[in-house]
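Structural characterization, general
Take a look at the letters that make up each chain.
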Amino acid sequence: METSGGCLVPSAPKTLAETGLDADLVRQIVIKTMHLTGAQSGAELAGRLGVTFTVIEPCVDALKRDRLCEVVSGSMNPAAFTYRLTEGGHSKAAEFNEHNQYAGCLPVPIDQYRAYMDAFHRMTGSNVTRASVRSAFQHLVVSERVLDQIGPAVAARHSLFLFGPPGNGKTKIARAIGSLLSGEIAIPHAVAVDGEIIRLFDAMNHDPVDSKATSSLFSMNPTPDNRWVRCRRPVVTVGGELTMDSLELGFLPSYGYYRAPLQTLANGGMLIIDDFGRQRSSPTEILNRWIVPLESRVDHLVLQSGQKFEIPFEVLIVFSTNLNPLDLLDESFLRRIRYKVYAQSPSTDDFIAIFERCCQERGLPFAREMAEALIRTELEPRQVQLRGCQPRDLIEHALSLAAYVGTPNRLSLDLLSAACATYFIGGEANGDER
């Protein structure tokens, strides 16, 4: 491995042995890839597999000897030869596909993945400071107390509870925490465990760095291991749809390989459990699953055969909830989540500051007097508890009404009053009912 541009870069294997993979597994993936992609040069085939041609050349030679593939054109360099499967090769590929249909980039052996994550953990020491926390949260109105509770939790790489009343931006706070995880990480396309393949790179949850940055990153390493994808550190978010199945290996029968669980997709980054306590599985069940990994930083997964194996658990988990943690879990569970951060409701000054930012984001003029009047004439009479989401929602309501009646795109107290009438339950409505 090499370090370049602040990212730990796996070095490309030069031989089949250096991949750490069984030759028969590589042979199967080579022939299945050729079956899918048709005639191509040796270099093109190797590129699809994420390695150089010297790595797969022994497998290609074996396929030629067994009359499963043939050379249809070429020069003096075997990497420039054009190869294609014979009829027997296509039959053999179909046979292999009955077991699993994985093709493309060669997987990374689980021991190499463990070694990489161990090195990554040691290399990415905490660089979270008070200044970096304030920079990450500068687009939000968050109290100094909350920021000084979040910072040490992230610096210590300990999971945390983020709780408080609804509408105070806990999800936004959680995502801002993710921006504190600076730097990049290499994520393998897939991991191999005793011949079984687990897909790890997930385009829905992993954000690859653009090709220009990649070429710059790898300038010190002209032959990076392309079985890995250079990505920004992952921030995976899941809410009420979370199930216990998504925390375990998922076998895909129609493909014959596995999908990685959520916490493994988030390795090296952060996993946000939004609306914790609203899942179909109980909070105790979910946390029971993670009691050991949270402390040991090692997870245990199980293949269909019943074989267990260890995989790194280098993930910061943020449990975001509107509920009181004391109502969700007992003391022994809460002890394992060492940091609890209360996202309090905004003060009057905070509410006005949020209102001002919402106006700026929409290109609207801001008048503090209007925000103060909104609180005094609309919110206080309704006995409304101030929430961080209210300025955004009321401004959007007011602008929608302005567009409907054909008035200029400008706020007024009358528009905001009308917005309050359709946003809140209470006040005049309750009076009419009485």
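Here, every reference points to the structure presented above.
Residues numbered from 1 in each chain as written. Predicted model: local features only at pLDDT ≥ 70, side-chain atom pairs only at ≥ 80, totals over all residues. Heavy atoms only, no water.

Regarding the pattern of salt bridges
For the structure on display, the rule yields 22 salt bridges. Among the salt bridges present, the one from D349 reaches R368, with a minimum N-O distance of 3.2 Å. With D349 in helix α14 (residues 348–361) and R368 in helix α15 (residues 368–379), this residue pair connects regions lying 19 residues apart in the sequence. Overall, D349 belongs to the exposed group, its relative accessible area being 52%. In this structure, E378 and R382 form a salt bridge, with 2.6 Å as the shortest nitrogen-oxygen distance. Judged by relative accessible area, which is 11%, E378 ranks as buried. For R382, a relative accessible area of 23% translates into the label partly exposed. Each member of the salt-bridge network shares a partner with another, and the members are R130, R134, E144 and D148. (Salt bridge = Lys/Arg side-chain N within 4 Å of Asp/Glu carboxyl O. Helix = DSSP H or I, 4+ residues; strand = E, 2+ residues; numbered from the N terminus. Buried < 20%, exposed > 50% of the residue type's maximum accessible area, 1.4 Å probe, protein only.)

Structural notes on the packing of aromatic side chains
All told, the structure shown has 15 aromatic pairs when counted by the stated rule. Centre to centre, the rings of F355 and F366 are 6.3 Å apart; their planes meet at 50 degrees, and the pair counts as tilted. Of this pair, F355 sits in helix α14 while F366 sits in the loop between α14 and α15, placing them 11 residues apart in sequence. You can call F355 buried: its relative accessible area is 1%. Judged by its relative accessible area of 29%, F366 is partly exposed. An aromatic cluster is present here, built from Y113, Y116, F120 and W228 joined pairwise through their rings. (Phe/Tyr/Trp six-rings, centres within 6.5 Å; stacked < 30°, edge-to-face > 60°.)

Describing the environment of S347
Note that S347 resides in the loop between β19 (339–342) and α14. A polar side-chain atom of S347 sits 3.1 Å from the main-chain amide nitrogen of D350. (Polar contact = N/O pair within 3.5 Å; in protein donor to acceptor, adjacent residues only side chain to side chain.)

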